[in-house]
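Inside the fold
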Amino acid sequence: EAGVTQFPSHSVIEKGQTVTLRCDPISGHDNLYWYRRVMGKEIKFLLHFVKESKQDESGMPNNRFLAERTGGTYSTLKVQPAELEDSGVYFCASSHPGTGGVNEQFFGPGTRLTVL
Amino acid sequence: AQSVTQLDSHVSVSEGTPVLLRCNYSSSYSPSLFWYVQHPNKGLQLLLKYTSAATLVKGINGFEAEFKKSETSFHLTKPSAHMSDAAEYFCVVSRNSGYSTLTFGKGTMLLVSP
């Protein structure tokens, strides 16, 4: 079974440009999460989808970030316009309902975003 | 509210010696606790989880952790380190119900020397 995949693995852009990150969850996983790790800091929650609906987006830093999950399959996270402080590693995770309430999330390898 | 403190940013051990990675948590409700590991250029992999059952939890690759409510700790141990254990380890807390989000510690880098 394929794990969570993320594309691209690395992205280097200039301040003011737009970048779109993609996450493909494990097939059949309704829950999809985005997290971010800024250098030197802990991994922090951004938002949570259940199927195509945003369940919790309390961690989104500002309105330059837009996440979508059309059709409840893959998800995209767009940053527009990118700022220097957006640099970091963006992780995606997915989980399946029916895990007895235990929130076991499966993570992708992350996308390393560098804004110059 | 919940939070996690990993007491060491780096831990260095020699191959074959015991490993201890320390974690303290704070949670206003019944927690689930996890340890994840990240090897270079890889995704986060679940090592083990505590979900209000047995307080001593065994995970993959010989790791185990003990939930101590009185000390609000969930330290990760392994009797004998292997070179392949060199990685970054994350202690994580979550609410023990539903699909709540994960709160991470800052990570501990484990260095293993021959």
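Our structure's up above, just so we're on the same page.
Predicted model only: the values in this text are computed from it and were never measured.

Some remarks on the pattern of salt bridges
All names here are of chain A. Tallied over the entire structure, the rule returns 10 salt bridges over all chains. One salt bridge connects Glu 83 with Lys 15, and the closest N-O pair in it is separated by 4.0 Å. Taken together, the positions of Glu 83 in the loop between β8 (75–79) and β9 (88–95) and Lys 15 in the loop between β2 (10–13) and β3 (19–24) put the pair 68 residues apart, joining distant regions of the chain. For Lys 15, a relative accessible area of 52% puts it in the exposed group. Each of Arg 36, Arg 64, Glu 85 and Asp 86 takes part in one network of salt bridges that share partners.

Quick notes on unusual backbone geometry
The omega angle of the peptide bond from A:Phe7 to A:Pro8 is -5°, so this bond is cis rather than trans. Along the polypeptide, A:Pro8 turns up in the loop between β1 (5–7) and β2. Note the cis peptide between A:Gln80 and A:Pro81, where omega equals -10°. Structurally, the position occupied by A:Pro81 is in the loop between β8 and β9. In this model, B:Asn61 sits at a positive phi of 60°, which is unusual for a non-glycine residue. Along the polypeptide, B:Asn61 turns up in the loop between β7 (56–58) and β8 (64–68). One non-glycine residue, B:Thr72, lies in positive phi territory at about 45°. Within the secondary structure, B:Thr72 is located in the loop between β8 and β9 (73–78).

Let's talk about the state of the cysteines
All names here are of chain A. The tally for this structure, following the rule as stated, stands at 2 disulfides over all chains. There is a disulfide in this structure between Cys 23 and Cys 92, and the S-S distance comes to 1.8 Å. On the S-S bond that ties Cys 23 to Cys 92, the torsion sits near -65°, and the link is left-handed. Here Cys 23 is found in strand β3, whereas its partner Cys 92 is found in strand β9, with 69 residues between them in sequence.

A look at the sheet that holds β3(A)
All names here are of chain A. If you trace the 4 strands from one edge of the open sheet to the other, you get β1-β3-β8-β7, paired in antiparallel fashion. The outermost strands of the open sheet, each flanked by one partner alone, are β1 and β7 (65–68). Across the sheet, the mean angle from the axis of one strand to that of its neighbour is 15°, orientation sign disregarded. Here 3 bridges tie β1 to β3, and the two strands are oriented antiparallel to one another. Bridge assignment links Phe 7 to a residue of β3, and that residue is Arg 22.

Points about the layout of surface pockets
By volume, the largest pocket is sized at about 590 Å³. What lines the largest pocket is a set of 25 residues, and nearest its centre among them are A:Arg37, A:Val89, A:Phe91, A:Arg112 and B:Gln38. Only β9 and β11 (111–115) of chain A together with β10 (87–95) of chain B provide two or more residues apiece to the lining of the largest pocket. Tallied by class, the residues present in the lining of the largest pocket amount to 9 nonpolar, 11 polar and 5 charged.

Calculation notes
Residues numbered from 1 in each chain as written. Chains lettered and ligands numbered in written order. Predicted model: local features only at pLDDT ≥ 70, side-chain atom pairs only at ≥ 80, totals over all residues. Heavy atoms only, no water. Salt bridge = Lys/Arg side-chain N within 4 Å of Asp/Glu carboxyl O. Helix = DSSP H or I, 4+ residues; strand = E, 2+ residues; numbered from the N terminus. Buried < 20%, exposed > 50% of the residue type's maximum accessible area, 1.4 Å probe, protein only. Disulfide = S-S within 2.5 Å. Pairing = 2+ DSSP bridges. Axes fitted to C-alpha atoms, helices over the stretch in contact; angles between N-to-C directions. 1 Å grid on protein atoms, 1.4 Å probe; cavity = no way out; pocket = protein on both sides within 12 Å on 5 of 7 lines; lining within 4 Å. Points joined across faces, edges and corners; volume = space filled by probe spheres on them. Nonpolar A, V, L, I, M, F, W, Y, C, P; charged D, E, K, R; others polar.

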